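# Observations on the three-dimensional arrangement
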Amino acid sequence: MRAFLCLCFAFALAACGGGGGDNRSATPVTSVQSPAPQFVSGNPKYADSDPVVWQGPKPWDYAVHGVDVARYQAGLDFGKLERNGIKFAFIKATEGGDIVDPEYKTHWARAKAAGVKRGAYHFYYWCRGPEDQAKWFIRNVAKEPSMLPPVLDVEWNHLSPTCKTRPPAAEVRAAMKTWLEMVKAHYGRTPIIYTTPDFYKRNEIWKINGYHMWLRAVARPLSEIYPGERWTFWQYSGTGRVPGAPGDIDLNVFRGSEATWNAWVARN
């Protein structure tokens, strides 16, 4: 039982937001035992069970908000999310070379039906080769004209029971590039890189160019954690509350106005 619980908790971290590095630990998103939400000053639509007083640019300064989800957000009402301003959803599809998220197809279909733009993401497993992982993602995520670019989620899963490997930074970047290039060739779209502060710094991710960046910063400004880095998406909360989600959910913004968003979607 003890081993089983450890395994379950490790899998719970295997989704966007599993890394820390900006003074708030990332925890599994669940729909139980969350503190009462507090509405965020300046944003009447969304609440947060662990709100932040932002210094510098604030998430609600941006017009386009979205969520990222995996198996732990079962029961989402995408129609209600859309009516409350959620424009996009990044949905976990695969992990490593043999795992498909059990809620992937459900989230994918419901987001589409609600008119929420959606993209699929792959959680990278550092004990398997990038070719196998790219092929696994391609095998399980069908091409669709309306889909957002595919996402590569790179972070350390500190509680993984099966993979403790931490390759050198150059090796990490080489593996990422292999996956990114294979997936780009298949889908004909420039992928998105999602990463966390500690992983970004440790592996010098700023040396990888030519891809859209989706950065996690849930307590400190992006400019402080990722100085000089370009970005397209910002994950600003792992404890957000939005009507349509039964519990805490990751919240994100797109960098730009709604018109810029529509143009970016059309191009990508």
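These figures come from a predicted structure and were not determined experimentally. (Residues numbered from 1 in each chain as written. Predicted model: local features only at pLDDT ≥ 70, side-chain atom pairs only at ≥ 80, totals over all residues. Heavy atoms only, no water.)

## Focus: the overall build of the protein chain
Inclusion rule: Helix numbering and strand numbering both begin at the N terminus, where a helix is a DSSP run of H or I of at least 4 residues and a strand a DSSP run of E of at least 2. Categorising residues by exposure relies on relative accessible area from a 1.4 Å probe, with only protein chains included: less than 20% of the type maximum marks a residue as buried, more than 50% marks it as exposed, and the intermediate range marks it as partly exposed. Contacts were defined at the residue level, with two residues in contact if any of their heavy atoms lie within 4.5 Å. To be clear on the numbers: accessible area is Shrake-Rupley with a 1.4 Å probe, and residue cover counts the displayed protein chains and nothing else.
Helix and strand counts for the protein chain come out as 8 helices and 11 strands. Burial statistics for the protein chain: of 268 residues in total, 54% are counted as buried. Long-range pairs, those at least 24 residues apart, make up 68% of the contacts in the protein chain between residues at least 6 apart in sequence. As presented, the protein chain carries roughly 11,800 Å² of accessible surface, and 53% of it is formed by carbon and sulfur atoms.

## A short note on the environment of Val-265
Tracing the backbone shows Val-265 in helix H8 (residues 258-267). Between the alpha carbons of Val-265 and Lys-117 there is a distance of 8.7 Å; along the sequence they are 148 residues apart. Those residues in contact with Val-265 that sit more than four places away from it in its chain are Lys-117 and Leu-148.

## Here's the deal with the pairing of strand S11 (residues 249-254)
Quick note on the threshold: Strands were regarded as paired on the criterion that DSSP finds at least two bridges between them.
The buried fraction of S11 amounts to 6 of the 6 residues, a majority that puts the element mostly inside the structure. With burial as the criterion, each face of S11 is covered, one bearing Ile-249, Leu-251 and Val-253 and the other bearing Asp-250, Asn-252 and Phe-254. Note: strand S3 (residues 65-69) against S11, 4 bridges, orientation antiparallel. Note on S11: the bridge partner recorded for His-65 is Val-253. Summarising the sheet, strand S10 (residues 233-241) and S11 pair through 5 bridges and their orientation is antiparallel.

## Section: the state of the cysteines
Rules: Any two cysteine sulfur atoms lying within 2.5 Å of each other are counted as a disulfide.
Going through the model one piece at a time under the given rule, you end up with 1 disulfide. Two residues share a disulfide in this structure: Cys-127 and Cys-163, whose sulfurs sit 2.0 Å from each other. Torsion about the S-S bond of the Cys-127 and Cys-163 cystine: about 90°, corresponding to right-handed handedness. With Cys-127 in the loop between strand S6 (117-123) and helix H4 (130-140) and Cys-163 in the loop between strand S7 (151-154) and helix H5 (169-187), this residue pair connects regions lying 36 residues apart in the sequence. Judged by its relative accessible area of 37%, Cys-127 falls in the partly exposed class. Judged by its relative accessible area of 4%, Cys-163 falls in the buried class.

## Quick word on the pattern of salt bridges
Quick reminder of the rule: Any carboxyl oxygen of Asp or Glu that lies within 4 Å of a side-chain nitrogen of Lys or Arg is treated as forming a salt bridge with it.
On inspection of all chains with the given rule, the structure shows 10 salt bridges. A salt bridge links Lys-92 to Glu-95, with the nearest nitrogen and oxygen atoms 2.7 Å apart. For the residue pair Lys-92 and Glu-95, the accessibility class agrees, reading buried in each case. With its nearest N and O atoms 2.8 Å apart, the salt bridge here joins Glu-144 to Arg-118. Of this pair, Glu-144 sits in the loop between H4 and S7 while Arg-118 sits in strand S6, and the two are 26 residues apart along the sequence. Note on Arg-118: relative accessible area 2%, which makes it buried. Counted as one network, the salt bridges with shared partners bring together Asp-98, Arg-128 and Asp-132.

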